[in-house]
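So you can see what is in the structure, the chains are spelled out below.
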Amino acid sequence: MKKYSLPFLTALIILFIWQAAVIVFKIEQWILPAPSQIFIAFWQSRSLIFYHLVPTVTEAIAGLVGAIFVSVFIAVLMERYQIMKKIIYPFLIISQTIPFIILAPLLTLWFGFGFLPKIIIIALVCFFPITINLFDGFQGVDHSILRLLKSMGASQKQIFKLVKLPASLPAFFSGLRIAAAYSILGAVVSEWMGANQGLGIFLIRATKSYLTDRVFAIIGVITILSIGAVLLVEIIARISIPWHYNKLKVKS
Amino acid sequence: MKKPPKLGIKNLSVTFETEIIKNISFKVDEGEIVSIIGPSGCGKSTLFNAISGILDQDKGSIEIDGSTEDQRQGRFGYMFQEPLLFPWLKVWENVMLGFEIKGLEKKQAKTKAVDLLKKFDLFRQANFYPDGLSGGMKQKAALLRTIAFNSDILLLDEPFGSLDAITRSALHLYLLEIWKKLKLTIIFTTHDIREAIFLSDRVYVLSKKPATVITSIKIDLSRPRKIEDQTSEKFVEIERKLMSLL
Ligand SMILES: Nc1ncnc2c1ncn2[C@@H]1O[C@H](COP(=O)(O)OP(=O)(O)O)[C@@H](O)[C@H]1O
Ligand SMILES: [Mg+2]
């Protein structure tokens, strides 16, 4: 806990300065509300925020799960077949230069304003870090271990199951951590294209109504959700690959 | 009729960009401990890689129990120079892996792994991850995994090379005990003359790269051997002889 106390303290100081500045300089609320006003806005609209939070979180989870399936499929395909790696890898890299958000209008055109186009956007945003990390994990397996298994006469299937898969889990979780943060962001932005319900659309509406305190409150909630998603992945990782964290502890 | 040697190497050569191993031949009888001694980089690991059947660049023939074997993967318990324990598996799971790759059912593999750990003094560390083990313990775990996989013929590549003198001594006795109980045939490499003499029935001396067998010496010290034997006159005499050859 001790290592978090310093940043926590820093955050408190910043909030305090912010609050003081708003009061001293008499900044108008619609430009920059004080932290206390933001908190009040949050409290007053808490049931509304919760109402809009549900679809956003649902979309994020669905998109992320979709991205995991796609990523594992692509990474395994590239690992298994050299030719697939040669074909897919360049596209994978190029795909990173496309901001997938620009596909959103197109997806809306094809699939309407429902969940599907949003989930596709989120999956598109999230799959890259998982795929690349997982694939690098497969490639990074200690060559001596592979030779050891070869000397034992292990089949490709055994090598994959017994070595490549477990050895690449830490890399997989690194990718998943990044993707988890992207998933909430992706959900919010995809809702800007059109939605009846969701933090993204709620944010837009609050902005248009000059409810700046509420805008800040929503931004705060989105940030906390992103951090929560990353923390959740971290917890799952610590449960699934305790050996990796032991190793880090021993090394340091 | 005389039993054929457990392992017979005939005119083995390995060439990568340059020739690493040049026409090596030797025999190992069942139940023997044989050591291969040679300077670092002379090709000891390469020799084991070739014997174990994971190289494509080897020429010559290798016989197991008198018949020539071209497909040798899986035929030896090969312990690499580094312990190569899987960091994601606990000690007992690492040992169990040996049985599993061999083709045993999970349940049976587990029972046998636990038995092996109990029998050879590693049961207390069964639930440790390899990264939490000392160098000596790692080496023990790797050795047991190797034996779990195949205890017919062991190829041990510098099994004690990375250990301090005290741990190394303890592991010498550990290996001898396992050897006696399980009636193993062992071939190991080393660059330590005393270690070679203390453990083996026969020592093969390799030249610098490209490796050839310079000579071999039979070690006729009685068994079971004790640490104190290393100061005996006979031992020192053999040591002197070997040193003059290197
Ligand atoms: N796969 C390989 N390709 C090319 N050269 C190799 C390969 N493996 C080993 N060598 C070379 O063979 C020589 C002997 O290496 P090695 O067998 O590891 O020696 P030792 O185990 O006796 O220290 C070294 O010069 C090394 O660079
Ligand atoms: Mg070596």
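Residues numbered from 1 in each chain as written. Chains lettered and ligands numbered in written order. Predicted model: local features only at pLDDT ≥ 70, side-chain atom pairs only at ≥ 80, totals over all residues. Heavy atoms only, no water.

A.B. asks: Explanation requested: the coordination of the magnesium ion (ligand 2) in the structure shown.
C.D. replies: For a metal with four tetrahedral donors the ideal donor-metal-donor angle is 109.5 degrees, whereas six octahedral donors ideally subtend 90 or 180 degrees. All names here are of chain B. Taken together, Ser 45 (OG) and Gln 81 (OE1) make up the protein donors of the magnesium ion (ligand 2), found 2.1 to 2.3 Å from the metal. Linking Ser 45 in helix 1 (residues 44-52) with Gln 81 in the loop between strand 6 (77-79) and helix 2 (91-102), this pair joins segments that are 36 residues apart in sequence. By relative accessible area, which is 23% here, Ser 45 ends up partly exposed. For Gln 81, a relative accessible area of 35% corresponds to the partly exposed category. (Donors = N, O, S within 2.8 Å, 3.2 Å for Na, K, Ca; no water. Helix = DSSP H or I, 4+ residues; strand = E, 2+ residues; numbered from the N terminus. Buried < 20%, exposed > 50% of the residue type's maximum accessible area, 1.4 Å probe, protein only.)

A.B. asks: Please explain the sheet that holds strand 2 (residues 19-28) of chain B as it appears in this structure.
C.D. replies: What links the strands of a sheet is backbone hydrogen bonding, and the strands pair in either a parallel or an antiparallel sense. Residue and element names in this part refer to chain B. Strands sit in the order 2-1-4-5 across an open sheet of four strands; the sheet is antiparallel. Unpaired on one side and paired on the other, strand 2 and strand 5 (67-68) mark the two borders of the sheet. Where strand 4 (residues 58-64) meets strand 5, two bridges bridge the pair, whose relative direction is antiparallel. Within the sheet, the bridge partner assigned to Ile 64 lies in strand 5 and is Ser 67. (Pairing = 2+ DSSP bridges.)

A.B. asks: Quick question: what am I supposed to make of the nonpolar core here?
C.D. replies: A general feature of soluble globular proteins is that nonpolar side chains tend to end up buried together. One finds Leu7(B), Phe26(B) and Ile51(B) to be the most contacted residues of the largest nonpolar core, which totals 90 residues. Of all the elements, helix 6 (residues 115-139) of chain A adds the most residues to this core, at 10 residues. When residues of this core are assigned to domains, at least three map to each of domain 1 (1-73 + 154-159 + 185-246) and domain 2 (77-151) of chain B. Setting aside residues up to four positions removed in sequence, Leu7(B) forms contacts with Phe26(B), Lys27(B), Val28(B), Ile51(B), Ile62(B), Glu63(B), Ile64(B), Phe76(B), Ile153(B) and Ile187(B). Core analysis: the second largest hydrophobic core is formed by 49 residues, Ile37(B), Ala126(B), Leu176(B) and Ile219(B) among them. (Core = buried A, V, L, I, M, F, W, Y, C linked by side-chain atoms within 4.5 Å. Domains from an automatic or database assignment. Contact = heavy atoms within 4.5 Å.)

A.B. asks: What should I look at first to understand a nonpolar patch on the surface in this one?
C.D. replies: Taken together, the side chains of Leu6(A), Phe8(A), Leu9(A), Leu12(A), Ile13(A), Leu15(A), Phe16(A) and Ile17(A) present a nonpolar region at the surface, about 870 Å² in accessible area. Along the chain, Ile13(A) turns up in helix 1 (residues 2-24). (Patch = residues over 30% accessible without salt bridge, like charges linked within 9 Å, V, L, I, M, F, W, Y side chains within 5 Å. Areas by Shrake-Rupley, 256 points an atom, 1.4 Å probe, with all protein chains shown as cover. Salt bridge = Lys/Arg side-chain N within 4 Å of Asp/Glu carboxyl O.)

A.B. asks: Explain helix 5 (residues 104-111) of chain A here, please?
C.D. replies: Because an α-helix completes one turn every 3.6 residues, residues spaced three or four positions apart along the sequence face the same direction. Residue and element names in this part refer to chain A. Looking only at helix 5, the buried set comprises Ala 104, Leu 107 and Thr 108. Angularly, the buried residues of helix 5 cover 105° about the axis, an arc narrow enough to put them on a single face. Across helix 5 from its buried face, at more than 90 degrees, point the exposed residues Leu 109 and Trp 110. Buried residues along helix 5 sit in contact with helix 6. (Arc of directions from axis to C-beta.)

A.B. asks: What is the right way to look at the site of ligand 1 in this model?
C.D. replies: Residues and elements named next belong to chain B. For ligand 1, the full set of nearby residues is Phe 16, Glu 17, Ile 20, Pro 39, Ser 40, Gly 41, Cys 42, Gly 43, Lys 44, Ser 45, Thr 46 and Lys 209. Within the backbone of Gly 41, an N or O atom sits 2.7 Å from an oxygen atom of ligand 1. When the free accessible area of ligand 1 is taken as 560 Å², the share hidden by the protein chains comes to 61%. For the shell around ligand 1, the element with the most residues is helix 1, which contributes three residues. For the shell around ligand 1, the per-class residue count stands at four nonpolar, five polar and three charged. (Near = heavy atom within 4 Å. Polar contact = N/O pair within 3.5 Å; in protein donor to acceptor, adjacent residues only side chain to side chain. Nonpolar A, V, L, I, M, F, W, Y, C, P; charged D, E, K, R; others polar.)

A.B. asks: What's the story with the side chain of Asp213(A) in this structure? I'm lost.
C.D. replies: Residue and element names in this part refer to chain A. Inspection of the secondary structure assignment puts Asp 213 in helix 11 (residues 212-240). There is no salt bridge for the buried Asp 213, and the closest opposite charge comes from Arg 214, which lies 6.3 Å off by N-O distance. Reaching out from Asp 213, the side chain makes a polar contact with the side chain of Gln 29 at a distance of 3.0 Å. Other than its neighbours up to four places away in sequence, Asp 213 contacts Gln 29, Pro 33, Gln 37, Ile 38 and Ala 41. (Lys, Arg positive; Asp, Glu negative; His and termini not counted.)

A.B. asks: For this particular structure, what's the right way to read the packing of helix 2 (residues 35-44) of chain A against helix 11 of chain A?
C.D. replies: All names here are of chain A. Viewed as axis vectors pointing N to C, helix 2 and helix 11 meet at an angle of 80°, and their least axial separation amounts to 8 Å. Judged by the inter-axis angle, helix 2 sits roughly perpendicular to helix 11. Between helix 2, through Gln 37, Ile 38, Ala 41 and Phe 42, and helix 11, the contact on the second element is made entirely by Asp 213, Arg 214, Phe 216, Ala 217 and Val 221. Across the contact of helix 2 with helix 11, the residue classes break down as six nonpolar, one polar and two charged. (Axes fitted to C-alpha atoms, helices over the stretch in contact; angles between N-to-C directions. Parallel < 35°, antiparallel > 145°, perpendicular 65-115°, else oblique.)

A.B. asks: Sorry, what's going on with the interface of chain B and chain A here?
C.D. replies: Reports often express the size of an interface as the amount of accessible area lost when the parts come together. Of the residues lining the interface, 19 residues belong to chain B; the matching set on chain A comes to 21 residues. Taking both sides of the interface into account, the surface hidden between chain B and chain A amounts to around 2000 Å²; carbon and sulfur atoms contribute 70%. Considering only the side of chain B, the residues that lose the most area to chain A are Trp88(B), Ile101(B) and Asp131(B), jointly responsible for 31% of the buried surface there. Taken together, the connections running from chain B to chain A amount to zero salt bridges. Applying the counting rule to chain B against chain A returns four residue pairs in polar contact (both at pLDDT 80 or more). For the side of chain B that touches chain A, the elements supplying multiple residues, two or more each, are helix 1, helix 2 and helix 4 (135-149) of chain B. Among the elements that take part in the side of chain B that touches chain A, helix 2 of chain B stands out by supplying three residues, more than any other. Classifying every residue of the side of chain B that touches chain A gives 11 nonpolar, four polar and four charged. (Buried area = accessible area lost by both parts, 1.4 Å probe.)

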